[in-house]
Amino acid sequence: MSEGRARVVAWIGREILPHEADLRAWLRRAFATAGDVDDIVQETYCRLAGLAHVDHIGEPRAYLFQAARSVALEQLRRARVVRIDTVTEIDALNVELDEPSPERIAGGRRELERVRRLIAALPDRCRRIFEMRKIEGLPQREIARRMGVTENVVENESVRGLRAILAALAEGETEQPTAVRRPSAHDRTRKRR
């Protein structure tokens, strides 16, 4: 991972992730009909992760909310009914899809496997919550109910897991993220001696 890319990923973890809960609450209030809040948040993260640099961003929270607003508005525009003659014109263009190269596919598979290993290395509760929230797309309330914890715990563990994974990706680590490693029973016993 390049140094500039690592800086962007670290910046997202440090400056953007702490605002996710506020962003979700705002999106639910402001854009209730704009599609799934999770989709808007995910697309916003993708756009931020695609930035070449973040030095020009003085107010990360405001930038995050503006980016999410743009994504939500685009979804609203796309959701409008399209005239039938427009669909016919699009079909007449007969544009072929731009498929990724074999190298790009292989690289994506390697990166996906790396992320899977990082997720598997998270502490058990953090990993289970992260998987239910970010992979299965379950709402915080449902996860809290299933696991017998508060929604706040679900939110904190989700953010904690995402931060650890982003940090590991930024540092180029492939082992367990150190940011979430908890002392084992063996470690605690050794400390007492």
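Since this is a predicted model, take the numbers as computed values, not measurements.

Asker: Kindly report on the layout of surface pockets, identifying the contributing residues and their values.
Answerer: For the largest pocket, the calculated volume is near 800 Å³. As for the largest pocket, its lining consists of 23 residues, and the residues nearest its centre are Gln42, Val115, Leu162, Leu166 and Leu169. For the lining of the largest pocket, the secondary structure elements donating two or more residues are helix H1 (3-16), helix H3 (37-49), helix H6 (102-120), helix H7 (124-135) and helix H9 (151-171). No other element matches the 6 residues that H6 contributes to the lining of the largest pocket.

Asker: Explain the packing of aromatic side chains to me, using residue names and the numbers behind them.
Answerer: Enumeration according to the criterion identifies 1 aromatic pair in this entry. On the numbers, 5.3 Å between centres and 55° between planes, the contact of Trp26 with Phe65 is tilted. With a gap of 39 residues between them, Trp26 in helix H2 (residues 20-30) and Phe65 in helix H4 (residues 60-79) connect regions that are remote in the sequence. Classification of Trp26 by relative accessible area gives partly exposed; the value is 22%.

Asker: An account of the packing of helix H8 (residues 140-147) against H9 is requested, with residue identities and associated values reported.
Answerer: Two numbers describe how H8 lies on H9: the axes approach to 8 Å, and their chain directions differ by 105°. Here H8 lies roughly perpendicular to H9, going by the angle between them. Taking contact as the criterion, the partners of Gln140, Arg141, Ile143 and Ala144 in H8 are, on H9, Glu151, Val154 and Glu155. The residue inventory of the contact of H8 with H9, partitioned by class, reads 3 nonpolar, 1 polar and 3 charged.

Asker: Explain H2 to me, using residue names and the numbers behind them.
Answerer: Buried within H2 are the following residues: Glu20, Leu23, Arg24 and Leu27. Viewed end-on, H2 has its buried residues packed into an arc of 100°, placing them on one side of the element.

Asker: Break down empty space enclosed by the protein for me, citing the residues and quoting the values.
Answerer: Summed over all chains, the structure comprises 2 cavities of 30 Å³ or more. Put simply, the largest cavity is a space of about 70 Å³. What lines the largest cavity is Glu20, Ala21, Arg24, Arg133, Lys134, Gln140, Glu155, Ser158 and Val159. Those elements giving two or more residues to the lining of the largest cavity turn out to be H2, H7 and H9. In terms of domain composition, the lining of the largest cavity takes at least three residues from each of domain 1 (3-104) and domain 2 (106-192).

Thresholds applied
Once a new chain begins, its residue numbering starts again from 1 and follows that chain's sequence as written. Only residues with pLDDT of at least 70 get local features here, since the model is predicted, and only at 80 or more are side-chain atom pairs given and counted; chain-wide, interface and lining totals rely on the full set of residues. Hydrogens and water are ignored here; the side-chain numbers use all heavy atoms of the structure. With a 1 Å grid laid over protein atoms only, a set of points is called a cavity when a 1.4 Å probe fits there but cannot get out and a pocket when it is open yet has protein on both sides within 12 Å along at least five of seven lines; lining residues have an atom within 4 Å of a point. Grid points are joined across faces, edges and corners, and a volume is the space filled by probe spheres set on the points. We count a stretch as a helix when DSSP gives it H or I for four or more residues in a row; a strand needs E for two or more, and each element gets its number in order from the N terminus. Here a pair means two rings of Phe, Tyr or Trp (six-membered ring of Trp) with centres within 6.5 Å. Their orientation is stacked below 30 degrees between planes, edge-to-face above 60, and tilted elsewhere. Exposure categories follow from relative accessible area, calculated using a 1.4 Å probe and restricted to protein chains: below 20% of the type maximum is buried, above 50% is exposed, and the middle band is partly exposed. Fitting a line to C-alpha atoms yields each axis, with helices limited to the stretch in contact; the angle taken between N-to-C directions then spans 0 to 180 degrees. Roughly parallel means an angle under 35 degrees; roughly antiparallel, over 145; roughly perpendicular, 65 to 115; everything else is oblique. By the convention used here, residues are in contact when the closest approach between their heavy atoms is within 4.5 Å. Charged means Asp, Glu, Lys or Arg here, nonpolar means Ala, Val, Leu, Ile, Met, Phe, Trp, Tyr, Cys or Pro, and polar covers whatever is left, Gly included. Note that the arc is computed from the directions linking the helix axis to the C-beta atoms. Bear in mind that the domain bounds are from an automatic or database domain assignment.

By themselves, these observations are geometric and do not establish any function.
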